[in-house]
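Architecture and fold: a report
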Amino acid sequence: MIDLSTEYLGLKLANPLVPSSSPLTGELDSVKQLEDAGASALILPSLFEETIEHEQKQLEQFVHSQALGFYEADSYQPIPEEYDSELDNYLDRIQQFKSSLDIPVIASLNGISTSGWIDTGKELEQAGADALELNVYYIAGDPNMSAEDVENRYLQLLADLREHITIPVTMKLSSQFSSVGNMVLKLQQAGAKGVSLFNRFYQPDIDLETLRIKPHLELSSSMESLLRIRWIALIRGRVDLSIAATGGFHDTDDVIKALLVGADITHLCSVLLQKGPQHITVIKQELESWLEENEYDSVAQMKGSVSQQCAINPAALEHSNYMDVIKSYGQL
Ligand SMILES: Cc1cc2nc3c(=O)[nH]c(=O)nc-3n(C[C@H](O)[C@H](O)[C@H](O)COP(=O)(O)O)c2cc1C
């Protein structure tokens with residue numbers, strides 16, 4: 001019997017296959033299907049800072065207009081007692097999932113400023129979230145902002161939250177840091193229990209008819225997993241926190257490679273949107289067969305075995321094979 005269990009953010013998970021934030025992890029029907037198919041935990045879709053800010057403003061406006069005696073004229077505004085905010089819905093969803101599922105439920109916040117987040121973090125914890133993933137989807141578009149300023153925003157947000165909540169916090173990062181490894185180390189020192197590498201930035205497109213920017217969402221492909229695999233191989237063993245691989249994990253081979261370089265779990269998103277929740281069962285069975293054929297007893301045993309080799313020969317992942325790769329074009 002192969003032991004697929006893994007430890008992530010201090011949680012003992014039955015296997016390393018975790019559906020990441022997406023519409024599939026936001027509805028009771030689909031999360032039940034994910035659990036039945038073998039998901040070992042799940043990450044809710046993010047609660048967005050903008051939504052909470054907007055709702056807070058609406059509420060303030062309501063209270064203000066009432067204080068001024070304009071209530072009747074403004075009665076189209078929502079009445080707080082009857083008002084189901086996104087945050088309330090989110091908290092209800094955590095409670096509902098916690099009572100309907102046996103697997104850990106990880107909440108997700110998306111934003112960059114700390115205003116209001118401390119309270120929100122506390123409420124997520126009280127609602128029963130087992131951990132919190134912070135998706136800092138931040139594009140540093142201002143040329144006056146230094147790399148250090150950007151990094152400090154992440155670190156400040158984490159430090160503020162860590163002061164107020166006790167559940168583990170993990171940071172979902174983009175690959176666009178000058179030194180990814182150093183950033184992960186700083187986050188670890190600031191109290192992060194894990195990182196998810198890497199968030200995908202969706203690239204806006206230009207509509208040539210209207211000359212306006214149009215949103216553009218394309219699902220990932222397996223190729224994207226290689227960037228993640230390289231970085232996890234480089235930092236595993238040099239940092240001491242949980243690592244989730246996210247972005248481009250479609251096939252069982254992708255998952256195996258992530259584990260071999262030291263990921264504790266792999267997130268699954270695009271592949272489940274394309275093939276449905278039950279595809280987790282296929283990956284789980286294939287992972288088990290691979291371990292058996294390659295004489296591993298457990299995921300714990302195989303985890304990180306390639307990154308150990310990389311520590312002996314880090315050049316294989318760093319610069320030195322660049323020239324060989326370029327020269328090999330056309331020779332294959
Ligand atoms: C439709 C859709 C919705 C998503 N929503 C969120 C979200 O709310 N929060 C978040 O952190 N990531 C979100 N993601 C990103 C995924 O969780 C995942 O990290 C990313 O798609 C890379 O994994 P993949 O290559 O397996 O798709 C979303 C992705 C998709 C496709």
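Provided above is the structure to which this section pertains.
Residues numbered from 1 in each chain as written. Predicted model: local features only at pLDDT ≥ 70, side-chain atom pairs only at ≥ 80, totals over all residues. Heavy atoms only, no water.

**Here we look at the overall build of the protein chain**
Within the protein chain one finds 13 helices and 13 strands. The buried share of the protein chain, taken over its 332 residues, is 49%. Taking the contacts inside the protein chain whose residues are at least 6 apart along the sequence as the reference set, 71% of them involve residues at least 24 apart. Element-wise, carbon and sulfur atoms account for 50% of the exposed surface of the protein chain, whose accessible area totals about 17,300 Å². (Helix = DSSP H or I, 4+ residues; strand = E, 2+ residues; numbered from the N terminus. Buried < 20%, exposed > 50% of the residue type's maximum accessible area, 1.4 Å probe, protein only. Contact = heavy atoms within 4.5 Å. Areas by Shrake-Rupley, 256 points an atom, 1.4 Å probe, with all protein chains shown as cover.)

**A short note on the pattern of salt bridges**
Charged atoms that come close allow side chains of opposite charge to pair. Inspection of the entire model under this criterion finds five salt bridges. Between Arg 236 and Asp 264 there is a salt bridge, with its nearest N and O atoms 2.9 Å apart. A residue pair is termed long-range when its members are at least 10 positions apart, and Arg 236 in the loop between helix H7 (225-235) and strand E12 (242-245) and Asp 264 in the loop between helix H8 (252-260) and strand E13 (265-268) qualify at 28 residues. Judged by relative accessible area, which is 18%, Arg 236 ranks as buried. Where salt bridges share partners, they join Arg 236, Asp 264 and Lys 303 into one cluster. (Salt bridge = Lys/Arg side-chain N within 4 Å of Asp/Glu carboxyl O.)

**Considerations on the side chain of Ser 21**
Here Ser 21 shows up in the loop between strand E3 (17-19) and helix H1 (28-37). Among the polar contacts listed, one links the side chain of Ser 21 to the backbone oxygen of Leu 44, at a separation of 2.8 Å. Setting aside residues no more than four positions away along its own chain, Ser 21 makes contact with Ile 43, Leu 44, Pro 45, Ser 46, Ser 108, Glu 133 and Cys 269. (Polar contact = N/O pair within 3.5 Å; in protein donor to acceptor, adjacent residues only side chain to side chain.)

**Some points on the packing of aromatic side chains**
Enumeration over the complete set of coordinates arrives at two aromatic pairs. On the numbers, 5.3 Å between centres and 75° between planes, the contact of Tyr 154 with Phe 177 is edge-to-face. Of this pair, Tyr 154 sits in helix H5 (residues 147-164) while Phe 177 sits in the loop between strand E8 (169-173) and helix H6 (180-189), placing them 23 residues apart in sequence. For Tyr 154, a relative accessible area of 1% translates into the label buried. Ring geometry for Trp 290 against Tyr 296: centres 5.8 Å apart, planes inclined by 15°, an arrangement best described as stacked. (Phe/Tyr/Trp six-rings, centres within 6.5 Å; stacked < 30°, edge-to-face > 60°.)

**Observations regarding the packing of H1 against helix H3 (residues 86-100)**
At a minimum axis distance of 11 Å, the contact between H1 and H3 shows a crossing angle of 35°. In this structure, the crossing between H1 and H3 has a hand that is right-handed. Side by side, H1 and H3 meet where Leu 28, Val 31, Lys 32 and Glu 35 of the first sit next to Gln 96, Phe 97 and Ser 100 of the second. (Axes fitted to C-alpha atoms, helices over the stretch in contact; angles between N-to-C directions. Left-handed = near helix turned anticlockwise from the far one by under 90°.)

**Remarks on the pairing of E12**
What you see with E12 is no split at all: Ser 242 and Ala 244 on one side and Ile 243 and Ala 245 on the other are buried throughout. Pairing of strand E9 (residues 194-197) with E12 involves four bridges; the strand directions are parallel. In the sheet register, Gly 194 faces E12, and the bridge partner there is Ser 242. One ladder, built from two bridges, connects E12 with E13; its direction is parallel. Bridge pairing links Ala 244 to Ile 265 in E13. Taking the sense of rotation as the criterion, the β-α-β connection linking E12, H8 and E13 turns out right-handed. (Pairing = 2+ DSSP bridges. Right-handed = clockwise from strand over helix to strand, strands pointing away.)

**Some thoughts on the nonpolar core**
Residues Tyr 154, Met 171 and Leu 187 are the most contacted members of the largest nonpolar core, which totals 77 residues. Looking at this core, the element that brings in the most residues is H5, giving six residues. Leave out the neighbours within four places in its chain, and Met 171 touches Leu 134, Val 136, Tyr 154, Leu 158, Leu 187, Ala 192, Gly 194, Val 195 and Ser 196. With eleven residues, the next largest nonpolar core counts Leu 11, Val 18, Ala 131 and Ile 265 among its residues. (Core = buried A, V, L, I, M, F, W, Y, C linked by side-chain atoms within 4.5 Å.)

**Looking at H8**
The buried fraction of H8 amounts to seven of the nine residues, a majority that puts the element mostly inside the structure. For H8, the set of buried residues is Thr 252, Asp 254, Val 255, Ile 256, Ala 258, Leu 259 and Leu 260. In the segment just after H8, Gly 262 is the residue with positive phi, at about 115°.

**Points about the site of the ligand**
The environment of the ligand is formed by 18 residues, the closest being Ser 21, Ser 46, Asn 135, Ser 220 and Ser 270. One nitrogen or oxygen atom from the side chain of Asn 135 is found 2.6 Å from an oxygen atom belonging to the ligand. Between an oxygen atom of the ligand and a main-chain N or O atom of Gly 248, the distance comes to 2.7 Å. Taken by itself the ligand offers 610 Å² of open surface, and the protein chains cover 90% of this. Here the residues of the shell around the ligand sort into six nonpolar, ten polar and two charged. (Near = heavy atom within 4 Å. Nonpolar A, V, L, I, M, F, W, Y, C, P; charged D, E, K, R; others polar.)

**Some details on the side chain of Asn 110**
Along the polypeptide, Asn 110 turns up in strand E6 (residues 105-110). In this structure Asn 110 comes out as buried when scored by relative accessible area, which is 8%. Residue contacts for Asn 110: discarding those within four places in its chain leaves Ser 46, Leu 47, Phe 48, Glu 49, Trp 117, Asn 135 and Tyr 137.

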